[in-house]
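Here is how the chains run, residue by residue.
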Amino acid sequence: MLFNSWAFWVFFAVVISVYWFLPFRLQTFFLLAASYFFYGWWDWRFLPIITFSTFMDFYLGVMIASTSSEVSKRRYVWLSVTVNLLLLGLFKYYNFFSNEFVTALNSIGIQASLPVVQVLLPVGISFYTFQSMSYIFDIARGVTKPATNFWNFALYVSFFPHLIAGPIMRSGAKGQDALGRGLLKQIETPRVHRSDDFAVGLYYILLGLFKKVVIGDNMAALVNTIFNRDASQLTGIECLVGIYAFAWQIYADFSGYSSIAQGVARWMGIDLMDNFKVPYLAISPSDFWRRWHISLSTWLRDYLYIALGGNRGGGNMVLRNLMITMILGGIWHGANWTFVFWGLYHGALLSLYRLMGWENVRPRSIIDRSWRIVLMFHLICLGWLLFRAENMQQVGEFLYLMATDWRVTPTAIAMLGLIAFYALPLFIFEYWTTSHANNLLGLTQSPWIARASVYAYAVLMLIVFQAPESHEFIYFQF
Amino acid sequence: MNSSTSNSRSEWKVIASVLAVLLIGEISLYFTENRLSYDVQHIGQIPAIVNDIKQGNSPRVLFLGNSLTRAGIRPDIVKRAWAGVNLPDATIGLIYPDDTVLTDWLYVYRRFVQPANTQLRLVIICFANDHLDDGPVRNSERLGSQFAGLSLAAEAFSHDVLSLSDRVRYLLGATSRLWANRERIQKRVLALIPGYQEFAPIINDVVRSDGQAAAHAKPPTYNQLARFLNIVTSDGTKVVFVATPVRQPYPLPDELYKAIRRGGAEIIDLRGFERTGPGDFLDSLHLAPAAAERFSKALGSALVGNDYAHTALWGTRLQGYRTEPSGSSTVGSGMAR
């Protein structure tokens, strides 16, 4: 049930119609049932896995909170981490690592074979696993308490708007106010109708659908045209424009999903955190990670980077921590060497900027800021090549073409025109709205006529400029 | 928050304004729809085409298809091929909405041809690739708006438009001109982007090959074809399918031959008609004018030389007639198996 499908909107219309007529306690049970129905719609065989993970982490959370022994606490935390990562590893990484292991053995003359696990990757497993783990870590650190009952925790894990592709919500621990209202805390509190819930929800949903349907899917057609072609049929400029298109595809696709999730949740009186803040306006790698997939980057920062030592321990230790964090962040996206190298590349970028002291240099003028934005965008795009390429051979071919073949072709011109037509209005809008407010909600605080104009444009584009093919959200595969 | 910013009341003003814009779009299209494309004009003319066939002399023939028919069939040349062997004149009508397949043709027949009681002798369908295969409806909004309409919605929903998404799109297409014409408006606007006209076929090929790769994962079936033949032949009309040449060769599965035979129809294989080079095609699908002339002549001769078609058109079985040599051995060799 994709957010950009009619089936989802029929489902949601039924859910919200019933939801607001129910008393608070029943709302929780009803939303939990709806969330499991939503998840089971993908494949009912995924349900036992999420149910098991939920049971385990709920009871481990209670046990961690009830013991005063640090050793026991640590044991329970390790149990949760081990089982969660085993589940993730089995479904997501087993075949990749076993293949690589066998290849390595074969290369040194040892003939070996390991069984292949033919299983579907449960959608959203990376997201809800990380969310459950953050809950366990926060209880162990003593910054939050366990859920008041199992049903609230089950809904916290499975709340359908963000179940498949985030944002990875925190429970609502102390010191996490910058990440918005914790989801578990909201679930445990009776909903209150806010006067702007409808307007803000509508805005998020419309913006998200526009990003996904108009930009993401149309960019996908361009990206596939370039990346599915033999390199001998491409020029370097076409490769570059294909990567630009992917930069907009993945941003529009993923931030579109997050936006729709925020809107749908908001209509149910629940706030989900902002997962993106105009990432292509970043002026440095750390600035980019403060704007891109914020729920994952803050998770990695809080539970991995800081656990490794963070900024403590001097230069080399910090660089080591950065590299480990980013490589694991890359692997989180999937079992492929391209993701490993993507993480490695971003770790190297962060380290380089830190070593050279460029992170702390504030832009002196608009021109200074502009060229740093353009430079950063192109550095990010280089990373997207690693992210999107089918394999490292394709990465090499694209890099070679971009270095040697600068022929401008009608295909490249048309693609640039299409990127400008679809993505430039969004970029201008997001620049404008973030310059007026701390987030993307600037428009909701504008006069109604401004909203009407923007919404009319978005709706007309949604009707007329749908892509020839509708695609799944990219992050569903993670 | 002041009164002009978002609250429930001002949000209803916003929604009302958006609806007003959509209404203006609907009204504008009501008056300007025909200028969007030649295809829209052609679809608008279908009732008149059917009426012209009805008013014409027997035998009456309908070419029903898509742009393969538009680019490949020259009715004057087909008739000339018949006149060349002293066969009586016929009335030929052509219906060829762009980018359509068997499901669309079925509903064009059901909605426009069948109720007019045209007493057709023969329906000729020029096809290629997977045009006759069972498969999901390619364009539900066009089916709803232009081919089946609300009047045949129940039939479409029970046989062809099965998913919720497709049904919603069908109904939107049937009720909104903006929705029904969105692809055409899109093409007109995007054509303003430099290089788009050359780039669009490349994108289409990628999208099409993605779809074909998925479709070819399992062998094709022909239940829809059987249904179409049942409807048309029940009206006393014969059907000939013509395998039409396109740039890339394509297979004709045995199962297709069997389905056509079972349905009481005929297939003529002209995939291998005489080619002179790459100039025979305007693009990957459509014949260039000179090649279309040769193809039409070859088809005219093939219809004369085919027992089934000859009987359908002129009421007598073929006796000792041989097709006029068209310089192409492939026409003869490509006759029905």
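Criteria and thresholds
Residues numbered from 1 in each chain as written. Chains lettered and ligands numbered in written order. Predicted model: local features only at pLDDT ≥ 70, side-chain atom pairs only at ≥ 80, totals over all residues. Helix = DSSP H or I, 4+ residues; strand = E, 2+ residues; numbered from the N terminus. Buried ≥ 20, exposed ≤ 12 C-beta atoms within 10 Å, placed from the backbone. Contact = placed C-beta atoms within 7 Å. Nonpolar A, V, L, I, M, F, W, Y, C, P; charged D, E, K, R; others polar. Expected span 1.5 Å × (residues − 1). Arc of directions from axis to C-beta. Axes fitted to C-alpha atoms, helices over the stretch in contact; angles between N-to-C directions. Parallel < 35°, antiparallel > 145°, perpendicular 65-115°, else oblique. Pairing = 2+ DSSP bridges. Right-handed = clockwise from strand over helix to strand, strands pointing away. Bend = angle between axes of the 7 residues up to and from the residue. Core = buried A, V, L, I, M, F, W, Y, C linked by C-beta atoms within 7 Å.

Caption draft 1: Broad picture of the overall build of chain B. Counting secondary structure elements, chain B contains 17 helices and five strands. A burial count over chain B gives 39% of its 337 residues as buried. Counting contacts in chain B only where the partners sit at least 6 residues apart, residues at least 24 apart contribute 80% of the total.

Caption draft 2: Geometry of the environment of alanine 312 of chain B. Residues and elements named next belong to chain B. You can see alanine 312 is positioned in helix H16 (residues 307-314). The sequence separation of alanine 312 and alanine 81 amounts to 231 residues, and the corresponding C-alpha distance is 17 Å. The residues contacting alanine 312, other than those within four sequence positions of it, are Arg121, Leu122 and Lys238.

Caption draft 3: Focus on the environment of proline 136 of chain B. The residue proline 136 of chain B is located in the loop between strand E3 (122-127) and helix H7 (140-147) in this model. Separated by 25 residues in the primary sequence, proline 136 of chain B and valine 161 of chain B have C-alpha atoms spaced 7.7 Å apart.

Caption draft 4: The arrangement of the interface of chain B and chain A in detail. Taken together, the contact between chain B and chain A spans 32 residues of the former and 37 residues of the latter. Every element with two or more residues in the side of chain B that touches chain A is listed here: helix H1 (8-32), helix H9 (164-175), helix H10 (177-180), helix H11 (182-190) and helix H12 (196-215) of chain B. If you tally residues by element for the side of chain B that touches chain A, the top one is H1 of chain B, at nine residues. Tallied by class, the residues present in the side of chain B that touches chain A amount to 17 nonpolar, ten polar and five charged.

Caption draft 5: Local environment of helix H16 (residues 392-404) of chain A. All names here are of chain A. The terminal C-alpha atoms of H16, which comprises 13 residues, lie 18 Å apart, in line with the 18 Å expected from a rise of 1.5 Å per residue. Those residues of H16 that fall on the buried side of the exposure criterion are Val395, Phe398 and Leu401. For H16, the arc enclosing every buried residue in end-on projection is 135 degrees, short of the 170-degree limit, so these residues lie on one face. In H16, those exposed residues whose orientation departs by more than 90 degrees from the buried face are Gln393, Gly396, Ala403 and Thr404. In this structure, the buried side of H16 is in contact with helix H10 (236-267) and helix H15 (366-388).

Caption draft 6: Quick peek at the packing of helix H4 (residues 70-107) of chain A against helix H5 (residues 125-141) of chain A. All names here are of chain A. It is the contact of H4 with H5, at a shortest axis distance of 10 Å, that shows an interaxial angle of 175 degrees. Put simply, H4 runs roughly antiparallel to H5. Judged by residue contacts, Lys73, Val77, Ser80, Val81, Asn84, Leu87, Leu88, Phe91 and Lys92 of H4 engage Ile125, Ser126, Thr129, Ser132, Met133, Ile136, Phe137 and Ala140 from H5. Grouping the amino acids of the contact of H4 with H5 by side-chain chemistry returns ten nonpolar, five polar and two charged.

Caption draft 7: Structural context of the sheet that holds strand E5 (residues 266-269) of chain B. All names here are of chain B. Read from one edge to the other, the open sheet built from five strands follows the order E2-E1-E3-E4-E5, with strand pairing classed as parallel. The sheet terminates laterally at strand E2 (91-95) and E5, the two strands that pair on one side only. Put simply, the sheet's adjacent strands are angled 20 degrees from each other on average, direction ignored. Here four bridges tie strand E4 (residues 238-243) to E5, and the two strands are oriented parallel to one another. Bridge pairing in E5 places alanine 243 opposite aspartate 269. Strands strand E1 (60-64), E2 and E3 of the sheet are contacted by helix H6 (residues 102-113), whose axis makes an angle of about 140 degrees with E1.

Caption draft 8: Structural view of unusual backbone geometry. Residue and element names in this part refer to chain B. For the bond from serine 58 to proline 59, the omega torsion is 0 degrees, close enough to zero to count as cis. Tracing the backbone through its elements, the reader meets proline 59 in the loop between helix H3 (46-55) and E1. Phi angles above zero are rare outside glycine, and glutamine 119 is one such case at about 55 degrees. If you trace the backbone, glutamine 119 turns up in the loop between H6 and E3. Looking at glutamine 119, the number of C-beta atoms within 10 Å reads 13, which means it is partly exposed. Phi at asparagine 129 takes a positive value of approximately 50 degrees, unusual for a residue other than glycine.

Caption draft 9: Structural view of the pairing of E5 of chain B. Covered by surrounding structure in E5 of chain B are Glu266 and Ile268 of chain B together with Ile267 and Asp269 of chain B, the residues of both alternating faces. The handedness of the E4 of chain B to E5 of chain B crossover, carried by helix H14 (residues 254-262) of chain B, is right-handed.

Caption draft 10: View of the pairing of E1 of chain B. All names here are of chain B. The buried fraction of E1 amounts to five of the five residues, a majority that puts the element mostly inside the structure. Because side chains alternate across E1, one face comprises the buried residues Arg60, Leu62 and Leu64, and the other comprises Val61 and Phe63, equally buried. Pairing of E1 with E2, which is carried by five bridges, proceeds in the parallel orientation. Residue pairing across strands places leucine 64 opposite isoleucine 95, the latter belonging to E2.

Caption draft 11: Broad picture of H4 of chain A. Residue and element names in this part refer to chain A. Look at H4: only 45 Å from first C-alpha to last across 38 residues, short of the 56 Å you get at 1.5 Å a residue. The sharpest bend along H4 comes to roughly 70 degrees, located at tyrosine 93. Along H4, the residues that are buried comprise Lys73, Tyr76, Ser80, Asn84, Leu88, Phe91 and Lys92. In this structure, the buried residues of H4 make contact with helix H3 (47-66) and H5. Phi turns positive, to about 90 degrees, at glycine 109, one or two residues after H4.

Caption draft 12: Region of interest: the nonpolar core. Core analysis: the largest hydrophobic core is formed by 141 residues, its most contacted members being Ala245, Trp248 and Met415 of chain A. Ranked by the residues each element gives to this core, the list is headed by H10 of chain A, at 20 residues. Setting aside its immediate chain neighbours within four residues, methionine 415 of chain A contacts Leu222, Val241 and Ala245 of chain A together with Phe199 of chain B. Of all hydrophobic cores here, the second largest spans 70 residues; its members include Trp82, Ile92, Val108 and Ala309 of chain B.

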